[in-house]
Amino acid sequence: MHITVIGSGYVGTTIAACFADLGHKVTAIDIDDDIVATINEGEAPIDEPGLDDLLEAHVGDRLTATTSYDAVPDSDVTFLAIGTPSNADGSIDLTTLAAAAEATGEALADKTDRHLVVIKSTITPPSIASTIEPAIKAGADGNENVEIGMNPEFLREGSAVEDFVNPDKLVFGTNSEWASNRLHDVFEPLQDDRSVPIVDTDPATAAMIKYANNAFLASKISLVNDLGNICKEFGLDAYEVMDAVGLDDRISERFLRSGVGWGGSCFPKDVAAITAAARETGYEPAVLEAAIDVNDRQPGRLLDLLTKHVDVDGARIAVLGLAFKPQTDDIRNSRAIPIIEQLQDLGAEIVAYDPVAMDPMCDRFPDIEYAASAAEALEGAHGTVVVTDWDEFATLNDEFDEMETPVVVDGRRIVDPSTEMTYEGLTW
Ligand SMILES: NC(=O)c1ccc[n+]([C@@H]2O[C@H](COP(=O)([O-])OP(=O)(O)OC[C@H]3O[C@@H](n4cnc5c(N)ncnc54)[C@H](O)[C@@H]3O)[C@@H](O)[C@H]2O)c1
Ligand SMILES: O=c1ccn([C@@H]2O[C@H](COP(=O)(O)OP(=O)(O)O[C@H]3O[C@H](CO)[C@@H](O)[C@H](O)[C@H]3O)[C@@H](O)[C@H]2O)c(=O)[nH]1
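Residues numbered from 1 in each chain as written. Chains lettered and ligands numbered in written order. Predicted model: local features only at pLDDT ≥ 70, side-chain atom pairs only at ≥ 80, totals over all residues. Heavy atoms only, no water.

1. Quick look at the confidence of the model for the protein
Predicted confidence across the protein gives a mean pLDDT of 97, with 100% of residues reaching 70 or more. Among the prediction metrics, the complex's ipTM stands at 0.98, with pTM recorded as 0.96. (pLDDT = per-residue confidence, 0-100.)

2. Details of the side chain of Asp30
Tracing the backbone through its elements, the reader meets Asp30 in the loop between strand E2 (25-29) and helix H2 (33-40). This buried residue, Asp30, is left without a salt bridge; Arg332 holds the nearest opposite charge, at 11 Å. Separated by 2.6 Å, the side chain of Asp30 and the backbone nitrogen of Ser8 make a polar contact. Other than its neighbours up to four places away in sequence, Asp30 contacts Gly7, Ser8, Gly9, Ile35, Val36, Thr66 and Thr67. (Helix = DSSP H or I, 4+ residues; strand = E, 2+ residues; numbered from the N terminus. Buried < 20%, exposed > 50% of the residue type's maximum accessible area, 1.4 Å probe, protein only. Lys, Arg positive; Asp, Glu negative; His and termini not counted. Salt bridge = Lys/Arg side-chain N within 4 Å of Asp/Glu carboxyl O. Polar contact = N/O pair within 3.5 Å; in protein donor to acceptor, adjacent residues only side chain to side chain. Contact = heavy atoms within 4.5 Å.)

3. So, the environment of Phe19
Assignment of secondary structure puts Phe19 in helix H1 (residues 10-21). Distance from Phe19 to Val165, taken between C-alpha atoms, is 9.9 Å for residues 146 residues apart in sequence. If we ignore the near neighbours within four places in the chain, the residues touching Phe19 are Ile3, Val5, His24, Val26, Phe79, Phe164, Val186 and Phe187.

4. A few points about the site of ligand 1
In the vicinity of ligand 1 lie 27 residues, with Val11, Asp30, Tyr69, Thr84 and Lys269 positioned nearest. Within the side chain of Asp30, an N or O atom sits 2.7 Å from an oxygen atom of ligand 1. Within the side chain of Ser265, a nitrogen or oxygen atom sits 3.4 Å from a nitrogen atom of ligand 1. Here ligand 1 has 840 Å² of accessible area as a free molecule, and 88% of this is covered by the chains. (Near = heavy atom within 4 Å. Areas by Shrake-Rupley, 256 points an atom, 1.4 Å probe, with all protein chains shown as cover.)

5. Topic: the site of ligand 2
Not every one of the 20 residues close to ligand 2 is listed here, only the nearest: Phe154, Leu155, Glu157, Lys210 and Cys266. Taking Glu157, its main chain carries an N or O atom lying 2.7 Å from an oxygen atom of ligand 2. Taking Arg412, its side chain carries an N or O atom lying 3.2 Å from an oxygen atom of ligand 2. Here ligand 2 has 700 Å² of accessible area as a free molecule, and 92% of this is covered by the chains. Per element, the largest residue contribution to the shell around ligand 2 is three residues, and it comes from helix H8 (residues 203-234). Both domains that meet at the shell around ligand 2, namely domain 1 (2-201) and domain 2 (202-428), each give it at least three residues. (Domains from an automatic or database assignment.)

6. Structural notes on the nonpolar core
Leu306, Val319, Leu320, Leu322, Leu343, Val385 and Phe393 are the most contacted members of the largest nonpolar core, which has 52 residues in total. Ranked by residues supplied to this core, first place goes to helix H12 (residues 336-345) with five residues. If sequence neighbours within four positions are ignored, Phe393 has contacts with Leu320, Gly321, Tyr353, Pro355, Ala374, Val386, Thr388, Ile414 and Val415. Counting residues in each nonpolar core, the second largest holds 38 residues, with Leu80, Leu97, Ala135 and Ala218 among its members. (Core = buried A, V, L, I, M, F, W, Y, C linked by side-chain atoms within 4.5 Å.)

7. Points about the pairing of strand E7 (residues 170-174)
Counted residue by residue, E7 has five buried out of five residues, so it is predominantly covered. Residues Leu170, Phe172 and Thr174 line one face of E7 and the alternating positions Val171 and Gly173 line the opposite face, and both faces are buried. Here strand E6 (residues 146-150) runs beside E7; their pairing, made up of two bridges, is antiparallel. Residue pairing in the sheet places Gly149 in a bridge with Thr174 of E7. Across four bridges, the pairing between E7 and strand E8 (residues 198-201) is parallel. Considered in E8, the bridge of Leu170 is made with Ile198. With helix H7 (residues 177-191) bridging E7 and the parallel E8, this β-α-β connection has right-handed handedness. (Pairing = 2+ DSSP bridges. Right-handed = clockwise from strand over helix to strand, strands pointing away.)

Okay, structure coming up:
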C-alpha cells in the first residue's frame, strides 16, 4: 500500500517510519525544508528512541520525504498529522490543520478512484463536520471520490515507536465499510500473531474517544496529586498509599505517580480544548476544570517547599530537568516553565540542566544559566528543584555535597535522599 503522511512532527514522523517498517511505501510531506532534508538523510527531526534506526533502515527505499503534495493522488490513503494547538482561551486552533486539509483536497481534485483522507490530529468532534471536512471538500472542488476518516493516535512521546508497535487499541472512525476496510488493510501487518482490539465507529465518536482518553488520564493524575497533597499535609507517603490503591484492578497501578503535574503537548491542550468545546454547548465540565486547577497549583506547592528552607531572593537555585517527561527533548507545557517563571519572580539566580532539552529551553529562557551536567548545576547552589524524572537523577549522590546548602525539593520522587541533605518530597 502507498501511504502519504502530511506533517512530519512527533506523530507524522513516527507513523511514517512505522508504516514503512510494516512494509508500506510511504511519502512523508511537510512544509518545512529542514525537516524534509533531515528525514531524507535518514535522521529523525525529533529526539525519540528507536526512530533514527527506523529512518536509517527505510529512507531512500520505502520512505521518502518531500515538501510537495504531488504524491497524494498516487497514494491509497492520506494521513493528516498536523498540530492542533490552543487558542488563548484554550479552544482548539484549527488554522494550520485546515490549510493542510485544503491543500490535500486540492491535490485530490482530479482523482478518479476513491481516496481516504484520515485525520490523525486530535480535534474536537464538532470540528470535523464544521471545519476539516469542508476544507478537504473545498480543496477537492467537491470531488465525491474523496472520503474522510478519523484515526486518533494514542502514542506517548519517549516511547512513541514502542507504543505504535504495541497499541492497546486501534480506533477507526469512518463513514463507510470501504473506508473502514482501508484502515483495516493499513494496520493489518501490525496484527501479526496478535489481535489488537479495533474499535470501528464514526469519525466524531472516534475523536471523542481520544479526548475522553486524555481527559481521564490527566484527571487521574490530578486526583492522585490532590490525594498526594493531602498525604503530605498528614505527614504520609502518597507513593505507599497509591501503590496499595493501584492493586485494585478497577484502578490499575499506571498513571498514579503524584508530583509536579502533567505537561507536554497533549494533556494540557486537549483538556483545555474539550473543556472549551463543552462550554460552547453551555455545559460546565466541573471535574475537568478542577483537574486543570490542581495541575496549575503543583509548581507553586513545589516552590513553597523550597522557600520553607531557602530565602530564594538572590539565591542560586538549580533546576534539574526541563523536558516535560524523560526520554524526550520536548518542552511544550513542561512544568519547568512555570517553575522557572515563578523562581524569576522570586528573584532567584537560576541554573538549569537537562540531558537533552536545554536547546529548546534556551530559546524560551535565554537569560538563565545552563550547566553541562547535573553536578555542575548543583555546585554552589543554595537549593535545587527536581522537575523531570530522568534516570540519571536517581544516581546523584556526592554531587549534592557540592551545594552551598543541600536543600533538595523533589517533584518526581527520583532522588535518593541522604542524611546530609534537607530533602522534601512534593507528596511524600
Ligand atoms: N505529540 C504527541 O505525542 C501526540 C500524540 C497523539 C496525538 N497527537 C496529535 O497529533 C497532532 C500532531 O501533533 P505533533 O506533536 O506531531 O505536531 P508537530 O507540531 O510536532 O508537527 C506538525 C508538523 O506539521 C507540519 N506542517 C504544518 N503545516 C503543514 C502543511 N500545510 N503541510 C505539511 N506539513 C505541515 C509542521 O511543519 C510540523 O512539522 C496534534 O493534533 C496532536 O494533538 C500528538
Ligand atoms: O503517573 C504519572 C504519569 C504521567 N505524568 C505526567 O503526565 C505528563 C504526560 O505524560 P505521558 O502521558 O507519559 O506522555 P505524553 O507523550 O504526553 O502522552 C499522552 O498524550 C498523548 C498525546 O495525546 C497520548 O497519545 C498518550 O496516550 C498520552 O499518555 C508528563 O508530564 C508526565 O510527567 C505524571 O505526572 N504522573
